[in-house]
Amino acid sequence: MSYDAIVAGGGHNGLVCAALLARAGRRVLVVERRERTGGILDGVVSTVGRLRPALVAELELERHGLELARPPIRMLALREGGAPVAFWADPGRTAEGLAAVSGADATAYPRFDAHVRVLARFLGELAEITPPRLDAGALGDWQAGLRLARAYRRLDSRSARELTRALPMAAADFVGEWFATDAVRAALAARGSLFTAMGPWSAGTTAVLLADSAGNDGGAAGQTAFATSGPAALAAAIESAATAAGATIRTRAEVARVLVRGGRVHGVALASGEEIEAPVVACGVDPKTVLTRWLDPEEAGPRLRWRAGNIRTPGATAVVDLRLSGPPAFSGVDDPQLLAGRIVVAPGIDHVERAFDCWKYGGLSERPYLEATISDGSMHVLAQWVPHDADPDAVGDLVVAELERHAPGIGSSVADRRVLTPALIERDFGLSGGHVYHAEPGLDQFFAWRPVLGLARYRLAVPGLYLCGSGAHPGGGVTGGPGQNAAREILAD
Amino acid sequence: MQERYDAIVIGGGHNGLVCAAYLARAGLRVVVLERRDVLGGAAVTEEIVPGFRFSVASYVVSLLRPEIVRDLELPRHGLAILPLDGTFTPLEGDHLWRLNDHGRTVRELRRWSLTDAEAYEEYGILMAQMARFIKPILSAVPGDQGRIRPAEWVSLAPLARRFAGLPRRQRDTFIQLMTMSAADFLDQWFETDPLKATMAASGIIGTFQGVRSPGTAYVLLHHYMGEIDGAFRAWGIPRGGTGGVSLAIASAARAQGAEIRTEAPVAAIDVRGGRAVGVTLRSGETIEADAVLSSADPRVTFLDLLEPGVLDGQFAADVRRYRFRGSSGKVNLALDGLPEFTCLPGRGEHLRGAISFSPSVDYMERAYDDAKYGRFSRRPYIDAIIPTLVDPAMAPPGKHVMSCFVQYAPYHLADGGAWDDAHRQAFRDTVVDTLAERAPNIRDLIVGEQVLSPLDIEQRIGLSEGNIFQGELSLEQLFFNRPVPGWARYRTPVHGLWMCGSAAHPGGGLMGAPGRIAALEHLRSRSSR
Ligand SMILES: Cc1cc2nc3c(=O)[nH]c(=O)nc-3n(C[C@H](O)[C@H](O)[C@H](O)COP(=O)(O)OP(=O)(O)OC[C@H]3O[C@@H](n4cnc5c(N)ncnc54)[C@H](O)[C@@H]3O)c2cc1C
Ligand SMILES: Cc1cc2nc3c(=O)[nH]c(=O)nc-3n(C[C@H](O)[C@H](O)[C@H](O)COP(=O)(O)OP(=O)(O)OC[C@H]3O[C@@H](n4cnc5c(N)ncnc54)[C@H](O)[C@@H]3O)c2cc1C
């Protein structure tokens with residue numbers, strides 16, 4: 001059997017890319033190292049609300065078994081010494097609740113939500129395009145430029161100005177211009193720091209915050225949508241769409257090298273030594289791995305290797321799964337519905353920033369910033385910022401201790417727990433630095449220079465070699481965006 | 001006494017003076033009104049301790065636009081820039097010393113790291129290329145990104161074209177410089193910690209950011225900007241202190257016919273029928289003019305000097321959110337002799353350049369962390385120079401002045417604290433302790449001193465919240481967003497009222513660019529009327 005294309009790495013983006021190529025009539029093979037596809041989606045992710053609606057439609061994922069649930073509550077922000085604040089899908093309802101915290105903040109919230117939606121809509125459109133070339137040959141690239149201009153023109157002039165101002169801002173400043181209460185500011189700003197190595201005072205966290213709401217109905221509170229039978233169901237649905245279109249999936253097959261012959265991609269070599277041929281290889285793994293480990297140094301050249309080696313991948317997120325023997329009781333929460341969305345422990349801007357400070361110097365904060373969800377009697381907790389090789393037990397203890405402050409007694413109801421530190425994420429999913437976004441979503445690795453300038457159009461160094469994972473524009477998260485954009489470019493060539 | 005001018009310039013800082021000089025040169029009748037009894041604003045020399053003259057605030061020149069020096073013939077008006085050679089970083093038991101002499105610097109770096117010594121050369125060449133690329137931006141007029149009309153983007157077109165034409169490597173570096181933190185950027189090149197810390201320090205001067213904060217890499221270029229202007233020495237200390245620059249510009253302005261008044265604080269900008277028609281001084285005197293150009297910062301200009309209600313609510317709100325957040329202080333010392341560093345004893349050449357207290361990246365970052373939470377750094381970054389070693393006239397024979405620029409000293413203190421005498425004293429002691437750790441004899445040498453907290457900078461120099469650049473030079477306050485999105489072209493919503501100080505593009509520093517561009521824009525608008 002010969003293939004037109006190999007997708008190396010079967011995370012959700014790799015699967016999306018494979019499905020789209022197969023639907024276009026290409027013979028596609030997905031090669032995945034683990035025993036199942038889905039990558040991080042497989043048992044690690046919780047919310048999937050960033051998934052592109054157009055992709056769900058195009059791949060008919062609902063027919064392939066995907067069912068999404070959107071609870072009315074988006075986020076419950078736990079506070080220090082105060083009742084939690086609920087952020088609902090309906091901004092008006094959120095404002096009603098905020099009135100008890102601050103009248104001014106309650107008034108500001110719906111306007112802020114609308115502002116976030118306007119800016120995020122632009123980023124949503126940006127996410128769909130292939131970044132333009134920025135070199136002298138760029139004149140031929142009018143299509144991307146035109147789409148960009150059209151999206152930009154849809155902004156009113158005030159929003160256009162605000163956009164250029166907001167993107168490089170620190171999230172703490174962005175929310176600080178709207179809200180007076182520290183707890184409200186922190187709850188809204190924290191998302192700009194999630195999965196990153198940047199505290200809320202770091203420039204560019206507003207871009208991360210807005211990107212999280214781009215192309216979905218997240219708004220200020222952020223998206224909260226679940227796949228009803230778990231995130232793996234999403235991976236299964238995409239895989240099913242891919243195989244139904246004729247793609248072949250091979251698991252437990254680890255790619256070791258990209259084969260290049262005569263200056264063109266020729267296939268991949270597996271760790272077992274087996275070689276598989278195809279004129280196109282699309283990589284769903286992180287770009288640093290591809291460029292510094294999979295590609296022959298001679299083919300990459302010293303300059304590209306240097307640049308690829310400098311792609312920043314500071315993994316700083318840990319995940320702690322807690323199986324609970326009974327439903328947790330949070331102080332001040334009487335309605336179980338309140339616990340149906342994201343539960344956020346980010347009680348103050350400085351509080352979150354201090355957790356980041358510890359990590360900067362290689363330490364682990366006693367008071368991490370947490371985002372948790374509860375499903376099927378398990379609590380799924382993300383913890384920021386965790387050093388790469390932190391002791392998993394210490395991280396687990398810390399997370400439970402933090403939760404204990406808000407849900408006294410929760411510790412004794414933990415029946416079982418699993419901890420993934422960045423080092424373990426790196427080991428289990430093969431991601432450089434254990435960075436779940438494959439490359440830091442900083443301003444320096446954004447859009448037309450993600451992962452690096454000159455390689456942002458999904459084509460890497462050698463003809464036939466492509467990037468289709470989160471290290472490519474529009475970046476990490478369960479969006480399917482990089483996979484979809486990459487497939488479009490592969491088909492165009 | 002009613003006089004009528006073509007233009008009034010508010011503020012006799014170096015930008016106001018540059019602006020006035022260009023206007024006068026074009027034949028306008030101009031008057032400069034300065035609040036204080038001395039000219040110069042933040043570029044000012046004053047005899048604080050009898051016999052000792054201090055560059056009270058700014059202390060080195062690196063960015064003064066060469067076209068201004070040429071157009072205004074500043075050397076003829078007394079401007080002389082004396083060389084400041086090298087940067088000396090004292091450490092515990094060792095030091096890092098870079099000089100203008102490239103060979104010596106590379107030899108010194110080899111002591112630390114062979115790869116760094118090699119990378120240093122390549123780095124220097126690349127940075128000089130980048131500085132050359134950036135330079136035209138410093139004299140460009142930003143467009144309005146809120147409009148899609150192609151005309152608004154014209155200011156970017158030549159830049160975009162030049163960018164597209166750059167070799168890949170330089171394009172890459174430019175984007176990194178605009179978006180990365182100084183520390184991350186340097187991490188790609190070097191491994192020597194004190195080297196990275198000392199270089200990164202230039203990225204945080206005057207900002208409320210740390211060396212690891214994204215967006216700080218860009219300022220690394222400034223250091224190279226001055227050096228590329230070949231003929232004229234643009235990097236060093238002005239003879240007579242930084243006030244020497246202001247006085248030379250003032251002399252040039254007067255020679256062109258501009259009138260300059262000190263002790264003439266403006267109390268209000270007079271607006272009639274939506275037009276600025278003149279100003280009223282605190283004394284009650286009114287002065288009329290066709291146009292008013294203000295080099296005071298936007299908070300002063302729009303919120304203090306205009307009647308409430310003149311500005312529409314949105315613009316006023318945008319001015320209010322413009323960020324100042326001063327983060328620097330200054331300690332000027334009158335010394336009986338020269339400090340002696342334990343790590344390199346003697347009175348050698350190492351004292352003739354910048355002396356940088358920046359031993360490691362973490363040290364710099366911790367200094368920032370203190371400020372983030374509202375206190376001055378327990379161990380601050382200090383950039384010290386001893387001007388008397390190149391300009392002995394600044395002090396009595398055998399005596400010296402030492403200028404210490406200190407970061408961080410946040411304007412807003414935690415827990416409602418205020419910059420009172422006790423705080424200022426504690427800040428001063430921290431600075432002297434930090435100096436004394438490396439040069440223990442310093443304590444015995446001090447015969448006089450001046451300590452400026454950010455509040456002092458606000459009150460004395462007139463810079464809101466003590467921000468040395470009239471507003472933070474963070475990415476969101478640059479180019480077409482400086483100082484207010486949509487109003488980056490020196491004009492304001494009030495007809496006839498213009499901005500010409502550091503709060504306008506391209507921002508702060510002893511550069512003169514905002515004053516010059518504002519004058520040229522104003523002249524252009526007059527001729528097209
Ligand atoms: C704990 C956690 C929670 C998260 N929660 C959310 C969330 O709630 N919402 C959200 O939108 N995002 C979330 N994310 C982020 C999101 O999951 C990721 O950004 C996204 O899933 C990445 O998808 P991907 O397809 O690009 O790459 P991955 O999922 O990383 O897929 C890469 C694939 O490549 C495979 N691979 C690696 N090396 C090899 C090799 N040598 N040969 C073959 N295959 C290889 C891996 O096994 C993996 O399957 C979360 C991430 C984590 C870690
Ligand atoms: C401590 C410190 C150290 C610095 N170090 C350096 C350095 O080493 N190198 C460098 O390049 N830059 C340095 N800077 C920055 C640089 O000095 C300033 O950015 C620059 O001098 C500002 O010039 P300006 O003309 O725009 O404004 P200013 O110098 O602020 O001038 C504004 C003038 O307006 C006057 N004014 C205000 N209100 C009124 C009113 N109502 N009526 C009349 N007059 C009024 C003020 O008195 C002042 O003279 C430093 C600044 C400080 C504070």
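Residues numbered from 1 in each chain as written. Chains lettered and ligands numbered in written order. Predicted model: local features only at pLDDT ≥ 70, side-chain atom pairs only at ≥ 80, totals over all residues. Heavy atoms only, no water.

Before going further, it helps to spend a moment on the pairing of strand S13 (residues 328-335) of chain B. Residue and element names in this part refer to chain B. Across the 8 residues of S13, 8 count as buried, placing the element largely inside the fold. Where S13 lies against strand S16 (residues 400-407), 8 bridges are found, and the strand directions are antiparallel. Paired with Val331 across the two strands is Cys404, which belongs to S16. (Buried < 20%, exposed > 50% of the residue type's maximum accessible area, 1.4 Å probe, protein only. Helix = DSSP H or I, 4+ residues; strand = E, 2+ residues; numbered from the N terminus. Pairing = 2+ DSSP bridges.)

It is worth spelling out the domain arrangement of chain B at this point. All names here are of chain B. Taken domain by domain, chain B holds domain 1 (4-42 + 58-82 + 240-322 + 472-527), domain 2 (100-234) and domain 3 (324-461). For domain 2 and domain 3, the distance between their C-alpha centres works out to 26 Å. Contacts between domain 2 and domain 3 engage 18 residues on the former and 21 residues on the latter. Between domain 2 and domain 3, the buried area comes to about 1600 Å², and carbon and sulfur atoms account for 60% of it. The interface formed by domain 2 and domain 3 contains 2 salt bridges. Between Arg104 and Glu349 there is a salt bridge, with its nearest N and O atoms 3.5 Å apart. Our count for the contact surface shared by domain 2 and domain 3 stands at 10 residue pairs in polar contact (both at pLDDT 80 or more). Tallying contributions element by element places helix H9 (residues 193-201) first for the side of domain 2 that touches domain 3, with 6 residues. Residue classes in the side of domain 2 that touches domain 3 are distributed as 8 nonpolar, 6 polar and 4 charged. (Domains from an automatic or database assignment. Contact = heavy atoms within 4.5 Å. Buried area = accessible area lost by both parts, 1.4 Å probe. Salt bridge = Lys/Arg side-chain N within 4 Å of Asp/Glu carboxyl O. Polar contact = N/O pair within 3.5 Å; in protein donor to acceptor, adjacent residues only side chain to side chain. Nonpolar A, V, L, I, M, F, W, Y, C, P; charged D, E, K, R; others polar.)

Glancing now at the side chain of Gln223(A). Residue and element names in this part refer to chain A. Turning to its location among the elements, Gln223 is positioned in the loop between helix H9 (205-212) and strand S6 (226-227). In this structure Gln223 comes out as buried when scored by relative accessible area, which is 6%. A distance of 3.3 Å separates a polar atom in the side chain of Gln223 from a polar atom in the side chain of Thr47. Side-chain polar atoms of Gln223 contact the backbone nitrogen of Gly49, separated by 2.9 Å. Here Gln223 is in contact with Thr47, Val48, Gly49, Arg50, Arg74, Asp212, Asn216, Gly218 and Arg342, once residues within four sequence places are set aside.

Another point: the site of ligand 1. Residue and element names in this part refer to chain A. Surrounding ligand 1, one finds 35 residues, the nearest of these being Glu32, Thr47, Ser470, Gly477 and Val478. Contacts to ligand 1 include Ile40, whose backbone N or O atom sits 2.9 Å from an oxygen atom. Within the side chain of His438, one N or O atom sits 2.8 Å away from an oxygen atom of ligand 1. For ligand 1, whose free accessible area comes to 1000 Å², the fraction covered by protein is 98%. In the shell around ligand 1, the residues fall into 16 nonpolar, 14 polar and 5 charged. (Near = heavy atom within 4 Å. Areas by Shrake-Rupley, 256 points an atom, 1.4 Å probe, with all protein chains shown as cover.)

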